[in-house]
Amino acid sequence: MEGDHRRVWKNLASRTGAASSLLQSPSGALEINSVEALASDESVRVERPPDATARPLRLASSESPRPARCSPAVLVRACRPRQWSKNLLVLAAPCAAGLIGRPEVAVRAAGAFVVLCMLSGATYLVNDVRDRDQDRLHPRKRMRPVAAGELSPRAALWLAGALALVGIAGASAITPGLGAVACGYLALTASYSLWWRRVVVADILAIAAGFVLRAIAGGVATDIWLSRWFVIVTASCAIFLVAAKRYAELREHAGPGPARPTLRRYSAVSLRLTLLAAATAAGAAYTGWAFTRPAHLVWYGLSIAPLVLWLGRYASLIAAGAGQAPEELILRDRTLLVLSGCWALLFLGGVYVGS
């Protein structure tokens, strides 16, 4: 037992560095000079280096956060360039008329595309500023520059105003009619952000009207008359895509959480009926238009099949849970891409080759 006590005291002395303060009595027992031991222990505490993990915390608390720099890449990303593919609708009228190969028509159509990219970018910036608090709660939208804090709301609004002014000026320079369409597009998107987005059915029709205005802009810019069949097919397909997006959003937000103001007032049954009605109207209108072109009936008649199959394929993908981002779905699904290519070949064959 006495040997155990000796080993304990020796270990304690070696840890505190107080070996010189250990004294052995004549009786063989160990005695400790408490004053020297405490002094030695205090010296050890003072000489011990500070914790390395605490130093960065003290430095970080004294530093002020640096403001995010507004780089050109952030500005472009805030305008949602992935959404600009919708503006390719300006090419629909000149392509359908077979005039896209003319240099002056191609230049005007390209100018209309650039103008609509500016106007749509301004619209997206205003919407992102308005919805930034709600976007921060969304798993994907929280990465948008305004919601993420990469772009201040003030800078976003200044950029939106500049894009709108330049876009209207550029549209008016191409043709005054296109300038009027540009103003109508901005009025429609602004009224949607303020009112129509909160009205059931009207929100779908307002977005679909934006697609129709894009197609009309292509006809106005190139001075091409648009038939009623063209407008009906464009409007029906636009309603189909918007209703499909609402259906996909409704499936995602089935539980509690942030959602569109009107989303809770839609039902899955009503949206499926809307999809069916829009697809039927688009197919019927396109078929009616194709049979009014007897000289190109073979090409246009064959193009009906890939169009109907495309609508059916898209509806099946929506039922499977996709469709919140139509432009991504169309570009990523191979079947949709193949059907789009087949339709384009047959349609252009009817335009440029004939029967």
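Above this text sits the structure in question.
Residues numbered from 1 in each chain as written. Predicted model: local features only at pLDDT ≥ 70, side-chain atom pairs only at ≥ 80, totals over all residues. Heavy atoms only, no water.

**Q** Honestly, the nonpolar core in this entry has me stumped. Any pointers?
**A** A general trend in soluble globular proteins is that nonpolar side chains are found buried together. By size, the foremost hydrophobic cluster in this structure holds 26 residues, and its most contacted members are Phe 240, Leu 271, Trp 310, Leu 311, Tyr 314 and Leu 336. Element by element, the count of residues in this core is highest for helix α12 (residues 228-252), at eight residues. Look past the residues within four positions of Trp 310 in its chain and what remains in contact with it is Leu 241, Ile 330, Leu 336, Leu 339 and Ser 340. Listed in part, the 25 residues of the second largest apolar core include Ala 112, Val 115, Ala 160 and Ala 182. (Core = buried A, V, L, I, M, F, W, Y, C linked by side-chain atoms within 4.5 Å. Buried < 20%, exposed > 50% of the residue type's maximum accessible area, 1.4 Å probe, protein only. Helix = DSSP H or I, 4+ residues; strand = E, 2+ residues; numbered from the N terminus. Contact = heavy atoms within 4.5 Å.)

**Q** Which parts of the structure should I look at to understand the environment of Cys 79?
**A** Tracing the chain through its elements places Cys 79 in the loop between α4 (72-78) and α5 (92-96). For Cys 79, a relative accessible area of 7% translates into the label buried. Sequence-wise, Cys 79 and Gly 121 are 42 residues apart; in three dimensions their C-alpha atoms are separated by 4.3 Å. Sequence-distant contacts of Cys 79, defined by excluding residues within four places in its chain, comprise Trp 84, Gly 121, Tyr 124, Leu 125, Leu 159 and Leu 163.

**Q** Help me out: how do you make sense of a nonpolar patch on the surface in this one?
**A** On the surface, Leu 194, Trp 195, Trp 196 and Val 199 cluster together into a nonpolar patch covering about 400 Å² of accessible area. Structurally, Val 199 can be placed in the loop between α10 (176-194) and α11 (202-222). (Patch = residues over 30% accessible without salt bridge, like charges linked within 9 Å, V, L, I, M, F, W, Y side chains within 5 Å. Areas by Shrake-Rupley, 256 points an atom, 1.4 Å probe, with all protein chains shown as cover. Salt bridge = Lys/Arg side-chain N within 4 Å of Asp/Glu carboxyl O.)

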